[in-house]
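Okay, here's what each chain looks like letter by letter:
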Amino acid sequence: MSAQLIDGKAIAQAIREEIRLGVERLRQEHGVVPGLATVLVGDNPASVSYVTAKNKACAELGMASFQHTLPADITEEKLLALIDQLNRDASVHGILVQLPLPKGICESRVIEAIDPRKDVDGFHPVNVGRLMLGDPVFPPCTPAGIQALIIRSGTPIEGAEVVVVGRSNIVGKPVAVMLLQKQRGANATVTVCHTQTRDLAFHTRRADILIVAAGRPQAITGDMIRPGATVIDVGVNRVGYTESGKVKLVGDVDFDSAVKVAGKITPVPGGVGPMTITMLMRNTLRAARLHLGLPLDG
Ligand code: L34
């Protein structure tokens with residue numbers, strides 16, 4: 001038996017079409033075009049490719065994007081000055097500072113400088129707090145994408161045993177909180193594993209839904225997966241080049257062994273990645289609606 005593939009690209013495309021219609025309606029009814037400012041510091045190849053994809057998605061959905069590319073040796077002061085300028089720019093509804101930032105720049109200080117009403121990543125402490133309380137204005141993009149993938153794959157979340165591998169502020173912690181909430185599309189029993197977990201496989205084998213954001217290539221193998229489980233692979237690791245000279249990507253799950261055991265599984269690429277960008281687009285539309293005082297989902 002081989003697991004059913006969860007096609008993140010196709011699901012992302014379907015959601016993007018809904019967002020495109022929302023953007024079009026906002027333009028017609030209110031004369032406002034949602035605008036996203038992206039800030040890229042340095043030239044990390046993965047970051048360059050993700051930010052490029054984000055700006056391209058804006059164009060495809062009828063949104064404006066303003067790309068700011070800064071040298072890796074920029075001072076924190078100058079970066080903070082740019083953020084201040086974007087906070088005050090009325091054509092900018094969302095601000096995204098691509099992470100990680102170069103050494104010497106304090107990420108938390110930069111994130112806290114973003115106006116929470118424009119924090120489309122949902123990383124500002126105010127937005128993290130709202131997420132914890134169960135009523136986020138900007139659900140963080142990768143966790144929101146994961147939740148949407150699970151729901152659209154037809155896997156029930158209510159009452160399920162969810163195991164998250166990884167406890168980062170970007171993925172592990174927020175996705176655990178989201179799936180724990182007393183809400184539709186959540187209500188799971190959530191376990192969070194990490195580098196100090198004593199017996200990782202003991203936990204992962206109990207999972208109906210296994211979410212892997214370990215940050216380590218192929219950390220989870222088929223023998224660690226419960227037969228029939230839904231497996232969400234959040235990892236995007238660049239591990240050399242294919243024969244045709246393209247970057248070779250692998251996830252945090254060893255796909256070849258996992259696909260034989262899982263019930264449903266996301267591929268890398270084409271799984272969570274496209275969903276992250278889609279949820280950023282949704283949050284940018286929400287930011288524009290917030291700016292206009294409109295209901296966020298509309
Ligand atoms: N501020 N920094 C901020 N916000 C984020 O939401 C991110 N993240 C993570 C890194 N830093 C961030 C992203 O955007 C990771 N991430 C991200 C976005 C898109 C993709 C992967 C990670 C993606 O589209 N992945 C494609 C393959 C792309 C490729 O060829 O490299 C995929 O199909 O998985």
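Residues numbered from 1 in each chain as written. Predicted model: local features only at pLDDT ≥ 70, side-chain atom pairs only at ≥ 80, totals over all residues. Heavy atoms only, no water.

1. Observations concerning the site of the ligand
By nearness alone, 18 residues border the ligand, and Lys-54, Val-97, Leu-99, Asp-121 and Gly-270 come closest of all. Take Val-97: an N or O atom from its main chain is 2.8 Å from a nitrogen atom of the ligand. Between a nitrogen atom of the ligand and a side-chain N or O atom of Asp-121, the distance comes to 2.7 Å. Contact with the protein chains covers 81% of the free accessible surface of the ligand, which is 680 Å². Looking at which element gives the most residues to the shell around the ligand, the answer is helix α10 (residues 272-291), with four residues. (Near = heavy atom within 4 Å. Polar contact = N/O pair within 3.5 Å; in protein donor to acceptor, adjacent residues only side chain to side chain. Areas by Shrake-Rupley, 256 points an atom, 1.4 Å probe, with all protein chains shown as cover. Helix = DSSP H or I, 4+ residues; strand = E, 2+ residues; numbered from the N terminus.)

2. Focus: the pairing of strand β10 (residues 247-250)
Bridge count between strand β9 (residues 237-241) and β10: three bridges; the pairing is antiparallel. Across the sheet, the residue bridging to Tyr-241 is Val-247, located in β10. (Pairing = 2+ DSSP bridges.)

3. Here's the deal with helix α1 (residues 8-30)
Residue pairs spaced three or four apart in an α-helix point in one direction, given the helix's 3.6 residues per turn. Over its 23 residues, α1 runs 32 Å from end to end, which matches the ideal 33 Å to within 8%, given 1.5 Å per residue. Turning to α1, the residues buried within the fold contact α2 (45-60), α6 (141-152) and α10. With a side-chain oxygen lying 3.2 Å from the backbone nitrogen of Lys-9, the N-terminal cap of α1 falls on Asp-7. Looking one or two places after α1, you find Gly-31, whose phi comes out positive at around 65°. (Expected span 1.5 Å × (residues − 1). Contact = heavy atoms within 4.5 Å.)

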